[in-house]
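# Structural features, examined
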Amino acid sequence: MIKVFSNEDVMCVEGIVEKSGLKLGTVYSFLVDGMVIDTGPQCLETDLIPFYENHSFELVTLTHSHEDHSGLAPWIQENKNVPIYVHPKGISVCAKPCPYPKYRQMTWGVRKEFNALPLGDVIQSDSLEWKVIYTPGHADDHVSLLHKETGRLFSGDLFVSKKTKVIMNSESIPVIINSIRKLLSYDFQSLFCCHAGYIQDGKGMLKQKLDYLENLSGEVGKLHMEGRSIDEMNQLLFPKKYPIIAISEGQWDSKHIISSIISPKSYL
Ligand SMILES: [Zn+2]
């Protein structure tokens, strides 16, 4: 199911993935000034293809290559004949058919291969220029897009929630902290997050996330100095066990938050 609404001249396409009445996830695509930002997942193609058929756009920019953002890119490439841009590090991922594990295929569908073009430092939509800001941490091909004049920021999956409790083993909290600091050095107000949607006080929310992650890093550092093991710290800091940990066979886990803070070098 998709819901379409507008905020600050941005068409927000909220994609809701459900199976047997159970909500598995929400992911947003956006259409602004003739540019699609992220395409939504393949499993929502029955809803998303009519949307793309009925709206005109000249280009697609992906905030990163993950399948919930790039799932409709192969269809758009075949049917709309518009360029699709991604950070240079994402091009080889986009060229592979379905380069992600089974549990993610079950949620987001099977994304076919497609040819993406490399993003530079800026990207031009119909009448606006967007700054492309490299913001790794969630994924190493992750970018954010900023329209300076209106203070609108598209932050892909860098924000998602104020209090991160589980991450994938490929993610890194110290790298995410650096990317958030980089974004906060720019002037902006609103945030368009691919999972939380439109956030009017985006800068304030992103600051709160930074505070949370910095405090958490401080606590982990202290416990580490006291000689606590990763399992002990995990029990202490994240007593709740989220279903995604079992579903992903540990690819998602609170433990990865702790280990990425303790040994940041291995992630950089
Ligand atoms: Zn992602």
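Structure: above.
In this report, the structure presented in the accompanying data block is examined. A quick note: this is a predicted structure, and the numbers were derived from the prediction, not measured. (Residues numbered from 1 in each chain as written. Predicted model: local features only at pLDDT ≥ 70, side-chain atom pairs only at ≥ 80, totals over all residues. Heavy atoms only, no water.)

## Comments concerning the coordination of the zinc ion
Binding of the zinc ion to the protein goes through His64 (NE2), His66 (ND1), His138 (NE2) and Asp157 (OD), at separations of 2.1 to 2.3 Å. In the primary structure, the donors to the zinc ion are separated according to the pattern H-x1-H-x71-H-x18-D. Of this pair, His64 sits in the loop between strand S5 (59-61) and helix H2 (67-70) while His138 sits in the loop between strand S9 (129-134) and strand S10 (143-147), placing them 74 residues apart in sequence. By relative accessible area, which is 0% here, His64 ends up buried. (Donors = N, O, S within 2.8 Å, 3.2 Å for Na, K, Ca; no water. Helix = DSSP H or I, 4+ residues; strand = E, 2+ residues; numbered from the N terminus. Buried < 20%, exposed > 50% of the residue type's maximum accessible area, 1.4 Å probe, protein only.)

## Some details on the packing of aromatic side chains
Under the defined criterion, the tally for this structure stands at 9 aromatic pairs. With a centroid separation of 5.7 Å and an interplanar angle of 70 degrees, the aromatic rings of Tyr52 and Phe57 are classed as edge-to-face. Across the pair, exposure class does not vary: Tyr52 and Phe57 are buried alike. On the numbers, 4.7 Å between centres and 15 degrees between planes, the contact of Phe154 with Phe192 is stacked. Separated by 38 residues along the polypeptide, Phe154 in strand S11 (residues 152-156) and Phe192 in strand S13 (residues 190-193) bring together distant segments of the chain. Of the residues examined, Phe192 reaches a relative accessible area of 0% and is grouped as buried. Ring pairs connect the aromatic residues Phe5, Tyr28, Phe30, Trp130, Phe154, Phe192 and Tyr198, which therefore count as one cluster. (Phe/Tyr/Trp six-rings, centres within 6.5 Å; stacked < 30°, edge-to-face > 60°.)

## Considering the nonpolar core
With 29 residues, the main nonpolar core has Ile173 and Ile180 as its most contacted residues. Of all the elements in the fold, those that place two or more residues in this core are helix H6 (173-184), S13, helix H7 (202-225), helix H8 (230-237) and helix H10 (255-262). Examining the composition of this core, we find that 7 residues originate from one element, H7, more than from any other. Sequence-distant contacts of Ile180, defined by excluding residues within four places in its chain, comprise Leu158, Leu206, Lys209, Leu210 and Leu213. If you look at the next biggest cluster of nonpolar residues, it comprises 24 residues, including Leu44, Trp75, Ile84 and Ala116. (Core = buried A, V, L, I, M, F, W, Y, C linked by side-chain atoms within 4.5 Å. Contact = heavy atoms within 4.5 Å.)

## Notes on the pairing of strand S1 (residues 2-7)
Summarising the sheet, S1 and strand S2 (residues 10-19) pair through 6 bridges and their orientation is antiparallel. Within S2, the residue paired with Asn7 across the bridge is Val10. (Pairing = 2+ DSSP bridges.)

Everything listed is a geometric property; what it means functionally is a separate question.
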